Amino acid sequence: MVPPAARVVVLVSGAGSNLAALLAAHAAPDFGARVVGVLSDDPGAGGLDVARAAGVATAVVRPSDFADRAAWDRALADAVAVFSPTLVVSAGFMRILGASFLSRFAGRVINTHPALLPAFPGAHGVRDALAYGVRVTGCTVHLVDEGVDTGPIIAQRAVEVLDDDDETSLHERIKTVERALLVDVVGRVARGDLAVDGRRVRLG
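Next up on the list: the packing of helix α5 (residues 125-132) against helix α6 (residues 167-191). Helix-helix packing is characterised by the crossing angle of the two axes and by the distance between the axes. Here α5 crosses α6 at 120°, and the two axes come no closer than 10 Å. Comparing the axis directions of α5 and α6 gives the class oblique. Here α5 runs over α6; the crossing is right-handed. Taken together, the residues of α6 that come into contact with α5 (itself represented by V126, R127 and L130) are E167, L170, H171 and I174.

What follows is the structure in structure tokens.
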């Protein structure tokens, strides 16, 4: 018996390059995961078009449609739950997930970040790394908790900072590595167990 593919819901706010990488990977029968839904906070997000072109269901949950952040967080959780996800992937989603969302999908939400956490968390990881003058940066896939990029680290890959790098050139090279890392992690989580012991994470 072939086990059923893990059901993945992807959260996007931008163009959806990480989503596109996951969609390309999920076509392989041995990947073990399938993207079943894509949600965004922005109806103009390019990632929604990527999903629709692939025949994947989409939904938009705009913060401006709700009285406060907590109400939006609950509505987002309700919308994600429709897809009965095994795993939720925040891939360029520019919103902090709140307590209601995280308690509903505890231990099943992962995020990508364009820096080697715990260094340079937040929305400007690439810019901050350049400004600090590091010679090596990279990307991180981590479990999401209620902090900003503070959850247990699942995997990381390094990217060298070149002398002539600016934020755009460095970020493009990081994104190439980040896409491959995310696909690898999602596939491994889908095919095995994700064991968390405090800050230490083991992939089956």
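With that settled, the discussion passes to the side chain of T112. Assignment of secondary structure puts T112 in strand β5 (residues 109-113). Owing to a relative accessible area of 8%, T112 belongs among the buried residues under this scheme. Engagement of the side chain of T112 in a polar contact is seen with the side chain of E178, the distance being 3.2 Å. Excluding residues that lie within four positions of it along the chain, T112 makes contacts with N18, S90, A91, G92, T140, V141, E178 and L182.

The rules behind each value
Residues numbered from 1 in each chain as written. Predicted model: local features only at pLDDT ≥ 70, side-chain atom pairs only at ≥ 80, totals over all residues. Heavy atoms only, no water. Axes fitted to C-alpha atoms, helices over the stretch in contact; angles between N-to-C directions. Helix = DSSP H or I, 4+ residues; strand = E, 2+ residues; numbered from the N terminus. Parallel < 35°, antiparallel > 145°, perpendicular 65-115°, else oblique. Left-handed = near helix turned anticlockwise from the far one by under 90°. Contact = heavy atoms within 4.5 Å. Buried < 20%, exposed > 50% of the residue type's maximum accessible area, 1.4 Å probe, protein only. Polar contact = N/O pair within 3.5 Å; in protein donor to acceptor, adjacent residues only side chain to side chain.

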